[in-house]
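Chain and residue survey
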Amino acid sequence: MRRRRGRKKATGTRVPILVVAVLNARWAVDFVHDQPMSGRRLRILNVIDDVTKECLAAVVDTSISGRRVARELSGLIATRGSPGMIVSDHGTEFTSNAILEWMQKTGVPWHFIAPGKPMQDGICEAFNGRMRDELLNETLFVSLDHARDATACWVIDYNSCRPHSALGYRPPAAYAAKLTAMDDPLRATETLRGSPIAPPVHPRQSDRRAPASGG
């Protein structure tokens, strides 16, 4: 019988990407696919804010190239501001010359997850799964316009009405508004520096009590 070998263990340490708890700290981009009644394949480009869990864009079309991705991201930056980082897989649209040129022009850092490790982009993967379960698998699109309208309505409901357990059971839009209200000059300065904001470390106080005064 073939001898069973031991399982390989990962070497080194797995350090997560530190994310500042502010708007636009990190965006995640990914595609989901569907097929309407016409038989043509639909593609949906999802852009997610990893901190607020908001769906910033859900672009529906039959074909979305790398140049189209760059154009949609530029439109988001014009209305929302520039992200500190964008995370994606190694899809051909994200590794195209159009995206590489866009990265050099805008200066936005782009992080590619490891091949075969979709959970390194787990927030976007969870959003894609929810979209497929609640929208794509439950709706039969009769046309491209129908798919765009239904997707837009679902995204509005997701951002404005759905409570999210990771956000203290607030909808993503409400949580984003709270972060905006809590924003201050110190937080903005730290964000520009690109360093994570952590609570200050207080020195450990001694457990010994001062002796009581006599009398």
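Residues numbered from 1 in each chain as written. Predicted model: local features only at pLDDT ≥ 70, side-chain atom pairs only at ≥ 80, totals over all residues. Heavy atoms only, no water.

Thoughts on the confidence of the model for the chain
- In the predicted model, the chain carries a mean pLDDT of 82, and the fraction of residues at 70 or more is 75%.
- Here residues 9-15 is modelled with pLDDT under 50, and outside its nearest four sequence neighbours on either side it reaches 0 contacts, counting other chains as well. (pLDDT = per-residue confidence, 0-100. Contact = heavy atoms within 4.5 Å.)

With respect to the environment of Pro 115
- As for its placement among the helices and strands, Pro 115 is situated in the loop between strand 5 (110-112) and helix 3 (122-136).
- When its relative accessible area of 68% is taken as the criterion, Pro 115 is described as exposed.
- Sequence separation between Pro 115 and His 90 is 25 residues, and the spatial gap between their C-alpha atoms is 7.2 Å. (Helix = DSSP H or I, 4+ residues; strand = E, 2+ residues; numbered from the N terminus. Buried < 20%, exposed > 50% of the residue type's maximum accessible area, 1.4 Å probe, protein only.)

Things to note about the pattern of salt bridges
- Counting across every chain of the model gives 9 salt bridges.
- Taking the shortest distance from any N to any O, the salt bridge between Arg 80 and Glu 54 comes out at 2.9 Å. With a gap of 26 residues between them, Arg 80 in helix 1 (residues 66-80) and Glu 54 in the loop between strand 2 (42-49) and strand 3 (55-61) connect regions that are remote in the sequence.
- By relative accessible area, Arg 80 is classed as partly exposed at 26%.
- Each of the salt bridges in this network shares a partner with another, and the network as a whole consists of Asp 61, Arg 68, Glu 72 and Arg 148. (Salt bridge = Lys/Arg side-chain N within 4 Å of Asp/Glu carboxyl O.)

Remarks on the sheet that holds strand 4 (residues 86-88)
- Overall, mixed pairing links the 5 strands, which are arranged 3-2-1-4-5 in an open sheet. If you trace the sheet from one side to the other, it starts and ends with strand 3 and strand 5, each paired once. Between one strand axis and the next, the sheet turns by 25° as a mean value, whatever way the strands run.
- Packed on one face of the sheet, helix 3 meets strand 1 (27-34), strand 2 and strand 3 and runs near 30° to strand 1.
- Contacts from helix 4 (residues 144-160) reach strand 2 and strand 3, with the element oriented near 170° to strand 3. (Pairing = 2+ DSSP bridges. Axes fitted to C-alpha atoms, helices over the stretch in contact; angles between N-to-C directions.)

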